[in-house]
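Below are the chains, spelled out letter by letter.
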Amino acid sequence: MKTIIILADGAADEPIGALGNKTPLQVARKPYIDMLAAKGKSGELDTIPPGFKPGSEIANLSVLGYDVPKVFEGRGSLEAASMGVDILPGEMAMRCNLICIEDEKIKNHSAGHISSEEAAELIRFLYKELNDGKVSFYPGVSYRHLLKLKEGNKHLDCTAPHDVTGTPFKDVLIKAEAPEAQETADYLNSLILKSQELLKNHPVNLKRIAAGKDPANSIWPWSPGYRPQMQTLQELFGIKSGSVISAVDLIMGIGVYAGLKQIHVEGATGLYDTNYEGKAQAAIDALKNDDFVYLHIEASDEAGHEGDYELKTKTIEYLDDRVVRHIYEATKDWDEPVTIAVLPDHPTPCALKTHTNKPIPFLIYRSNGSADDVRVYDEFESPKGAYGLIKGKEFMETLMSGK
């Protein structure tokens, strides 16, 4: 059996008045995804365990069948694995965004989707200026970077910047959750303030401002943790070989710990202009040799964070026509049975511009399987399917069971 998960990050939403009180999934033209729903079985999946915020790190670990409370050690440590940065004993890793602050408020979480080249120059500059033997910075993709701290205490209350756009940044600075973490919180907050002074007149930002773009005028560290201890998917589910395809270090890092090979696709951006066809072809090629492929498409999530329902609808249509169509047509006549699952990790409602913890719709199509009564894929029809409501690792157990 060949199995592929097509993960449409943040694609689920809430009804939008401008769309006739429908969601982007409902109004998008997606004949191939709907066909898979009609030929397969559907349900809804609760990806966020109690006590956890609905971040992509939590949701994707759940989708892949991990016991999140046991394995989760922060987003930074997962992204470090993708970047080839080792987390040593006594070290803490954090995601470190480059963000835009305007009028003392967080304008956006992405510094206007700064390019990786511009961001790398800023991150290297900050490393040179702020490195005191305790902290180090590593450039990633676009606004997503890594901060590593020696002897840091992870018991911190950190706010993801995409959750608080429009909020005064001083209201959401890092807080200690325990007295022993106060020194770490104070240190990280000092780095934020120092970065703002260092970045405001940097040539990269002056050039961006002159071009009418948002400057990357602050760092924002969040999601702290140590090195995680995770079993591979082979150990958990008997998957002999597999690959992960994504433009996002977080997903690639989860894949590393899961024992999946990383496949990097030229032109994969994590935005609506990503190389959809290239990622689809990479998945097809990988599936010829591997038992399992995790194909992650970020575009819908970014559109949701921007509150752009028209763009989000377009990203779903691109997913259908430029990814799902190619994968289905390429694999439908293979001698070996093929299983295709389509789902988001969490909703990213355009009205809220952030993630929510509501269950998400999913479909599982098997080339040798049976169908239920669901005929289209969306937030309201999929829950009526044969699988009903399942939670966390039950999705991978169901997917790999062949049922």
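Residues numbered from 1 in each chain as written. Predicted model: local features only at pLDDT ≥ 70, side-chain atom pairs only at ≥ 80, totals over all residues. Heavy atoms only, no water.

1. Topic: helix α10 (residues 249-257)
Here is step 1: Across the 9 residues of α10, 8 count as buried, placing the element largely inside the fold.
Here is step 2: Those residues of α10 that sit buried are Asp249, Leu250, Ile251, Met252, Gly253, Ile254, Gly255 and Tyr257.
Here is step 3: Structurally, α10 contributes buried residues whose contacts are with α3 (56-63), α5 (75-83), β5 (135-141), β10 (242-245), β11 (261-263) and β12 (292-297).
Here is step 4: A positive phi of about 85 degrees marks glycine 259, the residue just after α10. (Buried < 20%, exposed > 50% of the residue type's maximum accessible area, 1.4 Å probe, protein only. Helix = DSSP H or I, 4+ residues; strand = E, 2+ residues; numbered from the N terminus. Contact = heavy atoms within 4.5 Å.)

2. Some details on the packing of α3 against α10
Here is step 1: Where α3 contacts α10, the axes come no closer than 10 Å and their chain directions differ by 35 degrees. Judged by the sense of rotation from one axis to the other, the crossing of α3 with α10 is right-handed. Contacts from Ser56, Glu57, Asn60 and Leu61 in α3 reach Leu250, Ile251 and Ile254 in α10.
Here is step 2: Along the lines of polarity and charge, the residues of the contact of α3 with α10 split into 4 nonpolar, 2 polar and 1 charged. (Axes fitted to C-alpha atoms, helices over the stretch in contact; angles between N-to-C directions. Left-handed = near helix turned anticlockwise from the far one by under 90°. Nonpolar A, V, L, I, M, F, W, Y, C, P; charged D, E, K, R; others polar.)

3. Quick notes on the side chain of histidine 162
Here is step 1: Within the secondary structure layout, histidine 162 lies in the loop between β7 (156-157) and β8 (175-176).
Here is step 2: The contact partners of histidine 162, leaving out residues within four places of it in the chain, are His109, Trp222, His305, Lys353, Thr354 and His355.

4. Overview of the pattern of salt bridges
Here is step 1: Enumeration over the complete set of coordinates arrives at 23 salt bridges.
Here is step 2: Taking the shortest distance from any N to any O, the salt bridge between glutamate 118 and arginine 208 comes out at 2.8 Å. Of this pair, glutamate 118 sits in helix α6 (residues 116-130) while arginine 208 sits in helix α8 (residues 203-210), and the two are 90 residues apart along the sequence.
Here is step 3: For glutamate 302, the salt bridge identified is with arginine 144, shortest N-O distance 3.2 Å. Of the two residues, glutamate 302 is situated in helix α12 (residues 299-305) and arginine 144 in strand β6 (residues 144-150); the sequence distance between them amounts to 158 residues.
Here is step 4: Given a relative accessible area of 2%, glutamate 302 falls into the buried group.
Here is step 5: Arginine 144 sits in the buried class, given a relative accessible area of 3%.
Here is step 6: Each of the salt bridges in this network shares a partner with another, and the network as a whole consists of Glu57, Arg75, Glu79 and Arg95. (Salt bridge = Lys/Arg side-chain N within 4 Å of Asp/Glu carboxyl O.)

5. Side note on α8
Here is step 1: Taken as a whole, α8 has its buried residues at Val204, Asn205 and Arg208. Viewed end-on, α8 has its buried residues packed into an arc of 90 degrees, placing them on one side of the element. Set apart from the buried face of α8 by more than 90 degrees, the exposed residues are Pro203, Lys207 and Ala210.
Here is step 2: Tucked inside the fold, the buried residues of α8 contact α6 and α7 (182-199).
Here is step 3: Looking one or two residues past α8, glycine 212 carries a phi angle of roughly 80 degrees, positive in sign. (Arc of directions from axis to C-beta.)

6. Quick word on the domain arrangement of the protein
Here is step 1: Under the domain assignment, the protein is made up of domain 1 (2-71 + 231-400) and domain 2 (80-225).
Here is step 2: Computed over C-alpha atoms only, the centres of domain 1 and domain 2 are separated by 29 Å.
Here is step 3: Every contact between the two is made by 18 residues of domain 1 and, on the other side, 15 residues of domain 2.
Here is step 4: Here domain 1 meets domain 2 over a buried area of about 1300 Å², counting both sides, of which 45% is carbon and sulfur.
Here is step 5: Seen at the junction of domain 1 and domain 2, the total is 2 salt bridges.
Here is step 6: The interface formed by domain 1 and domain 2 includes 6 residue pairs in polar contact (both at pLDDT 80 or more). (Domains from an automatic or database assignment. Buried area = accessible area lost by both parts, 1.4 Å probe. Polar contact = N/O pair within 3.5 Å; in protein donor to acceptor, adjacent residues only side chain to side chain.)

7. Considerations on the packing of aromatic side chains
Here is step 1: Enumeration over the complete set of coordinates arrives at 6 aromatic pairs.
Here is step 2: A centroid spacing of 5.9 Å and a plane angle of 65 degrees characterise the contact between tyrosine 328 and tyrosine 365, whose relative ring orientation is edge-to-face. Highlighted residues: tyrosine 328 in helix α13 (residues 309-331) and tyrosine 365 in strand β14 (residues 360-366), separated in sequence by 37 residues.
Here is step 3: Accessibility expressed as a relative area gives 7% for tyrosine 365, which makes it buried.
Here is step 4: When the ring of phenylalanine 362 is compared with that of tyrosine 387, the centres are 5.6 Å apart and the planes differ by 25 degrees; the resulting orientation is stacked. Separated by 25 residues along the polypeptide, phenylalanine 362 in strand β14 and tyrosine 387 in the loop between β14 and β15 (388-391) bring together distant segments of the chain. Grouping residues by exposure puts phenylalanine 362 and tyrosine 387 together as buried.
Here is step 5: Here a set of aromatic residues connected by ring pairs shows up, and it is made of Tyr32, Tyr328 and Tyr365. (Phe/Tyr/Trp six-rings, centres within 6.5 Å; stacked < 30°, edge-to-face > 60°.)

8. Looking at the nonpolar core
Here is step 1: If you look at the biggest cluster of nonpolar residues, it comprises 74 residues, and the most contacted ones within it are Ile5, Ile6, Tyr294, Ile327, Leu343 and Phe395.
Here is step 2: With 7 residues, the top contributor of residues to this core is helix α11 (residues 276-289).
Here is step 3: Non-local contacts of isoleucine 327, meaning those with residues more than four positions away in its chain, are made with Ile4, Ile6, Ala280, Ala283, Ile284, Leu295 and Ile340. (Core = buried A, V, L, I, M, F, W, Y, C linked by side-chain atoms within 4.5 Å.)

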